[in-house]
Amino acid sequence: MKAISASEANRSFSSLLREVAAGRSFVVTSRGKPVARLVPVRAGSDGRARARQALLARLMAQPASDQPRVWTRNDL
């Protein structure tokens, strides 16, 4: 993983993105300290779909409340 300064990353952002799309990774530094990583997105790395599935599975397994719901519009 190559280190690149924030100012250099700003100046050459388009070419930097092309390199990332080709599989290269970068660490962006500010005043010599790492502040960000630019890495290629892997297929199937979207955690949102897995999180949604896990939430729905948990909700389906949870028993329904036997308490009557007497909420008013103002309560919501």
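Heads up: the structure comes first, above all this text.
Residues numbered from 1 in each chain as written. Predicted model: local features only at pLDDT ≥ 70, side-chain atom pairs only at ≥ 80, totals over all residues. Heavy atoms only, no water.

Peer 1: I would appreciate a short explanation of the overall build of the chain in the present structure.
Peer 2: Counting its secondary structure elements, the chain contains 3 helices and 3 strands. Here the C-alpha radius of gyration of the chain, 23 Å, is well above what a compact globule of 76 residues would show, namely 11 Å. Dimensions of the chain along its principal axes, counting C-alpha atoms only, are 60 × 30 × 20 Å. Going through the 76 residues of the chain one by one, you find that 13% of them count as buried. Partitioning the contacts of the chain with sequence separation of at least 6, the portion at a separation of at least 24 is 26%. For the chain, the exposed surface amounts to about 7000 Å²; the carbon and sulfur share of it is 53%. (Helix = DSSP H or I, 4+ residues; strand = E, 2+ residues; numbered from the N terminus. Rg over C-alpha atoms; globule rule 2.2 N^0.38 Å. Buried < 20%, exposed > 50% of the residue type's maximum accessible area, 1.4 Å probe, protein only. Contact = heavy atoms within 4.5 Å. Areas by Shrake-Rupley, 256 points an atom, 1.4 Å probe, with all protein chains shown as cover.)

Peer 1: Hey, could you run me through the sheet that holds strand β2 (residues 26-30) in this one?
Peer 2: In a beta sheet, neighbouring strands pair by backbone hydrogen bonds and run either parallel or antiparallel. The 3 strands are arranged β1-β2-β3 in an open sheet whose pairing can be described as mixed. The open sheet terminates on both sides in strands that have one partner only, identified here as β1 (2-5) and β3 (33-38). Averaged over all neighbouring strand pairs, the angle between strand axes comes to 35°, with direction disregarded. Summarising the sheet, β2 and β3 pair through 5 bridges and their orientation is antiparallel. From the neighbouring strand, S30 faces β3, where its bridge partner is K33. (Pairing = 2+ DSSP bridges. Axes fitted to C-alpha atoms, helices over the stretch in contact; angles between N-to-C directions.)

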